[in-house]
Amino acid sequence: MRLIHHVDELRAALADAREAAFVPTMGNLHEGHIGLVDIARRHGGPVVVSIFVNPLQFGAGEDFERYPRTLAADCARLEAAGADIVFAPDVDQMYPEPQTFTVLPPLADQLCGAHRPGHFQGVATVVLKLFNMVRPRYAVFGKKDYQQFFLLDGMVRQFNLPIVMLAGETTRATDGLALSSRNGYLAPDERAEAPRLYRLLRAAAGRLAAGERDFTGIESETATALTARGWRVDYVSIRARATLLAPTGDSRELVVLAAAHLGATRLLDNIEVDTPAP
Ligand code: PAF
């Protein structure tokens, strides 16, 4: 496995390579990321993993400064997982001059975007740049960041990028908590409370699967149950999977998404659910 910091070296390393599969990350890797590398490895070409804590996607007062930078440990994990190249540029390499941003559809200002203004614009911008640097045939992202995947998938189509987007299922701890690089911020009592988010999303999904269609009621009861346990809820939202907008009467394939803060840690989760025909 090679660790590369410069884009010219990356291009040279990939010049004669078969179709690459790419896993963009911000590092501090966990089993969820390794699952994405496993998906990438199935495609036979070189597996490239980027590690870059992208300042453009953090808002003022967010955790950009304290986001864990664990390059040596990440590289050891990736080597064991069978990655071929780790691309770890620094900020000057990624943004040598004031950056032109990718423009996204209005959905980017809903859900997480409503609470993190400009976040997805920063994500889409760095991912488009990374795609142009790596030029992968496949790109793998986790479904835990459901809205991120949806927006990036749209970006790939809109810009006719020759990339096949692949989504990896969320990897969970045995108590159901979705693995996240930010779980390490949780104090022991918060870590014990954290799986409640998934439990409540499962309960909401169960009601939908049983045919309930009172979306607003389910959303607000789920949010209230979290608030009662000390969470600060950004949103609980039931959306149609095809559009990530509010479901219409015909929408059967849904997803329940939530983001909420436990102490200083913001957690995200979601569950896809198929609902019965009337
Ligand atoms: O999901 C992430 O870790 C980041 O948003 C990504 C896609 C690597 C862009 O910085």
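Above this text sits the structure in question.
Throughout, a residue's number is its position along its own chain's written sequence, starting from 1. Reporting in this predicted model follows two pLDDT cut-offs: at least 70 for local features of residues, and 80 or more for side-chain atom pairs to be given and counted; totals over whole chains, interfaces and linings ignore these cut-offs and use all residues. Hydrogens and waters are ignored; side-chain quantities use all the structure's heavy atoms.

Engineer: Got a minute to help me understand the site of the ligand in this structure?
Structural biologist: Proximity is defined per residue: if any heavy atom of the residue lies within 4 Å of a molecule or strand, that residue is considered near it. Neighbouring residues of the ligand: P24, T25, M26, Q57, V123, V126, V127, F141, D145 and Q148. As used in this structure description, the phrase polar contact means that two N or O atoms lie within 3.5 Å; if the pair is within protein, one of them must be able to donate a hydrogen and the other to accept it, and residues adjacent in sequence are counted only when both atoms belong to side chains. At a separation of 2.6 Å, an oxygen atom of the ligand approaches a polar side-chain atom of Q57. Using a 1.4 Å probe, accessible areas were evaluated by the Shrake-Rupley method; residue-level cover was limited to the displayed protein chains. When the ligand sits alone it has 290 Å² of accessible area, and the protein chains cover 89% of it. Secondary structure elements follow DSSP: runs of H or I of four or more residues count as helices, runs of E of two or more count as strands, with numbering from the N terminus. Looking at the shell around the ligand, the elements with two or more residues in it are β2 (21–25) and α6 (119–134). Among the elements that take part in the shell around the ligand, α6 stands out by supplying three residues, more than any other. Under the scheme applied, nonpolar residues are Ala, Val, Leu, Ile, Met, Phe, Trp, Tyr, Cys and Pro; charged residues are Asp, Glu, Lys and Arg; polar residues are all the others, including Gly. Within the shell around the ligand, the residues separate by chemical class into six nonpolar, three polar and one charged.

Engineer: Got a minute to help me understand the sheet that holds strand β9 (residues 265–274) in this structure?
Structural biologist: Pairing between the strands of a sheet comes from backbone hydrogen bonds, and it takes one of two forms, parallel or antiparallel. Any two strands are treated as partners once DSSP identifies two or more bridges connecting them. In space, the three strands of this open sheet follow the order β7-β8-β9, with antiparallel pairing throughout. Two strands lie at the open edges of the sheet, namely β7 (232–240) and β9, each paired on one side alone. Pairwise comparison of adjacent strand axes, ignoring direction, gives a mean angle of 10 degrees for this sheet. Examined bridge by bridge, strand β8 (residues 253–262) and β9 share 10 bridges and lie antiparallel to one another. Every angle, taken between N-to-C directions, lies between 0 and 180 degrees, and every axis is a line fitted to C-alpha atoms, over only the stretch in contact when it is a helix.

Engineer: Before we go on, may I ask you to explain the environment of D92 in this structure?
Structural biologist: Mapping D92 onto the fold places it in helix α4 (residues 91–94). Each residue is assigned to one of three classes by its accessible area relative to the maximum for its type, calculated with a 1.4 Å probe on protein chains only: buried under 20%, partly exposed between the two thresholds, exposed over 50%. Exposure remark for D92: the relative accessible area of 60% places this residue in the exposed category. Once the C-alpha coordinates of D92 and G122 are considered, the two residues, 30 residues apart in sequence, prove to be 16 Å apart.

Engineer: Sorry, what's going on with the pairing of strand β3 (residues 47–51) here?
Structural biologist: When a strand is regular, its side chains alternate between the sheet's two faces. The element β3 is largely enclosed, with a buried count of five among its five residues. Of the two faces of β3, the one holding V47, V49 and I51 and the one holding V48 and S50 are both buried throughout. When β2 meets β3, the two strands line up parallel, connected through five bridges. By the bridge assignment for β3, P24 is matched with S50. Convention used here: a crossover is right-handed provided that the path from the first strand, over the helix, to the second strand proceeds clockwise when the strands point away from the viewer. After leaving β2, the chain enters helix α2 (residues 31–41) and then returns to the sheet as β3, a path that is right-handed. Regarding topology, helix α3 (residues 71–81) serves as the crossover connection from β3 to the parallel strand β4 (residues 85–87), and that connection is right-handed.

Engineer: How should I be thinking about the pattern of salt bridges in this particular structure?
Structural biologist: In a structure, side chains of opposite charge can pair up when their charged atoms sit close to one another. Salt bridge, as applied in this entry: a Lys or Arg side-chain nitrogen positioned within 4 Å of an Asp or Glu carboxyl oxygen. Applying the stated criterion across every chain, the model contains 19 salt bridges. Among the salt bridges present, the one from E169 reaches K143, with a minimum N-O distance of 2.8 Å. One end of the pair, E169, is in the loop between β6 (164–168) and α8 (188–193); the other, K143, is in the loop between β5 (138–142) and α7 (146–158), with 26 residues separating them in the sequence. Note that R241 and D274 form a salt bridge whose closest N and O atoms lie 2.8 Å from each other. Of this pair, R241 sits in the loop between β7 and β8 while D274 sits in strand β9; the two residues are 33 residues apart in sequence, bridging distant segments of the chain. The class of R241 is buried, set by a relative accessible area of 19%.

Engineer: It is not clear to me how the side chain of T275 should be interpreted in this structure. Could you clarify?
Structural biologist: Looking at the secondary structure, you find T275 in the segment after β9. We classify T275 as buried; its relative accessible area is 11%. A polar atom in the side chain of T275 sits 3.3 Å from the side chain of R213. Of the polar contacts made by the side chain of T275, one reaches the backbone oxygen of R252; its length is 2.8 Å.

Engineer: Is there a simple way to explain the sheet that holds strand β1 (residues 2–4) in this structure?
Structural biologist: Taken together, six strands build an open sheet; the order of strands is β1-β4-β3-β2-β5-β6 and the sheet is parallel. Here the strands that pair on one side only, and so sit at the sheet edges, are β1 and β6. When strand polarity is set aside, the average angle formed by the axes of neighbouring strands in this sheet is 25 degrees. Inspection of the sheet shows β2 paired to β5 by two bridges, in the parallel sense.

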